[in-house]
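Breakdown of the fold
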Amino acid sequence: MQFHSVLATGAELEAACRQAATAIHEGLGPGPIDLAMVFASPRYGASIDRLPVMLHEMLGVRTLVGCSGAAVADGAQVLENRHALAVLAGRLPGAQVDAVAIGTGDLPDMDGPPSAWRELLPPCALPRRGFVVLCEPFHLDARALLAGLDFGFPGLPKVGGVASGSRHPEGHTLFFGRHTFRAGAVVVSFAGDVQLDAVVAQGCRPLGRPGRVTKADRNRLVAVDDRPARVFLEEQLSGLPQADQELVERSPLFLGIASNPFAQHEPAAGDFLIRNILGGDGNGDLVVADHLPSGRHVQLHLRDAASGVADLGDQLQRAQPGHAAAGVMFRCLGRDGADHGQFTAAAPGVPLAGLHCNGEIGSLGDVTHLHAYTAAFALLRPRRPGVTA
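Residues numbered from 1 in each chain as written. Predicted model: local features only at pLDDT ≥ 70, side-chain atom pairs only at ≥ 80, totals over all residues. Heavy atoms only, no water.

**Things to note about the sheet that holds strand β2 (residues 33-40)**
- On the basis of which strands lie adjacent, the open sheet formed by six strands has the order β1-β6-β2-β3-β10-β11 and mixed pairing. The two strands at the open ends of the sheet, each matched to only one other strand, are β1 (2-9) and β11 (179-181). Within the sheet, the average angular offset between the axes of one strand and its neighbour, ignoring direction, is 15 degrees.
- As paired strands, β2 and strand β6 (residues 84-91) are joined by six bridges and run antiparallel to one another. Paired with M37 across the bridge in β6 is L88. (Pairing = 2+ DSSP bridges. Helix = DSSP H or I, 4+ residues; strand = E, 2+ residues; numbered from the N terminus. Axes fitted to C-alpha atoms, helices over the stretch in contact; angles between N-to-C directions.)

Take a look at the structure:
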């Protein structure tokens, strides 16, 4: 398995594509290319529709996918608000890589069987190993898509991101083959002799103690441990060390929602899905950017640069990216730190490409979520000896 990545620049799109293609061919040498993942700045404007056709022809690639991003990156640098494109291309012998574009009306009924979700993807004779999911932020119900993929393909890793760089509903671009789309998603399936590992670092640390939701109304947290949510919040904040109280004064608070509703033990750091606290109301309820199931554990979280660096460092150490053939980065626009640099330090010489996203896709336990303020990486490598699943 062999990959090469490049970050190409220039205001003229065809020249940037040629620069990228030349570097890819030099890095990989002669022969067919199985996969190219492309992330491009929306500053190329309407000409971005020509990108997949040009790169497809210049690379001679079998499967080309990607999207637009406000910032694009390789392992050495991130370019934001610049005419630039990041390309990761490679050969995957013994693997099958397929992709499909999914429109907003293509999602099966949520009451349908798992087979309905499996039929969204091209048929595959080899065992599937995981998925990369790219989508746009305005039209597609990304959470429904992720829930359906979990239903149809339980236990397989899914990682990806939401295109960024525009406030206009038609301003984001997805690439699939020689085509571009302004709505929907592109799902890439990896099967056969390939392993896809997902690394998800949310970059927040817990504050205080966890409590159990005893009353909630959709996204309003009413009571925790049979006490008003406002009282729970005040108690947690009043018991913090002085340094944390000072951080809370200048940093936003988040609510962590336990990702596993069936866990018997009290959740620890890393077991929570992080969601924004939007504010309070006149009744003392907390308004949160997600629905809150009664009975689920919750805990306050704080985001700072040190937490983001430490969390990603721990996750990378466990994932051993230095043994990967390539990495793909999906990083939040609002996240602190240099995640591409951390990856390169942990995996010197491993090709990397990626973008800054409007939302990041990754699994916590067996459930795939749409995250915020997160860094998610897809690691690609040959199957480990002795692994038969």
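Continuing now.
**Here we look at the pattern of salt bridges**
- Counted under the stated rule, the structure contains 17 salt bridges.
- One salt bridge connects R178 with E57, and the closest N-O pair in it is separated by 3.1 Å. You can see R178 sitting in the loop between β10 (174-176) and β11 and its partner E57 sitting in helix α2 (residues 51-59), a full 121 residues away along the chain.
- Since its relative accessible area comes to 54%, E57 is described here as exposed.
- A single salt-bridge network, built from bridges that share partners, covers E14, R18 and R50. (Salt bridge = Lys/Arg side-chain N within 4 Å of Asp/Glu carboxyl O. Buried < 20%, exposed > 50% of the residue type's maximum accessible area, 1.4 Å probe, protein only.)

**Concerning the pairing of β2**
- The buried fraction of β2 is high, at eight of eight residues.
- The sheet contact formed by β2 and strand β3 (residues 61-68) spans seven bridges and is parallel. Within β3, the residue paired with V38 across the bridge is G66.
- Crossover connection from β2 via α2 to parallel β3: handedness right-handed. (Right-handed = clockwise from strand over helix to strand, strands pointing away.)

**A look at the pairing of strand β24 (residues 360-364)**
- β24 sits mainly inside the fold: four of its five residues count as buried.
- Relative to β24, strand β9 (residues 158-162) runs antiparallel, the two sharing two bridges. Bridge pairing in β24 places G161 opposite E360.
- As paired strands, β24 and strand β25 (residues 367-371) are joined by five bridges and run antiparallel to one another. The residue of β25 that forms the bridge with G362 is H369.
- Taking the residues that link successive antiparallel strands as the turn, the β24-β25 hairpin has two residues, and the phi of G365 there is positive, at about 65 degrees.

**Section: the packing of aromatic side chains**
- The final tally for this structure, using the stated rule, is four aromatic pairs.
- For the pair F254 and Y373, a centre-to-centre distance of 5.1 Å together with 70 degrees between the ring planes defines the contact as edge-to-face. Taken as a pair, F254 in strand β18 (residues 253-258) and Y373 in the loop between β25 and β26 (375-381) lie far apart in primary sequence, 119 residues in all.
- Under the relative-accessibility criterion, F254 is labelled buried at 1%. (Phe/Tyr/Trp six-rings, centres within 6.5 Å; stacked < 30°, edge-to-face > 60°.)

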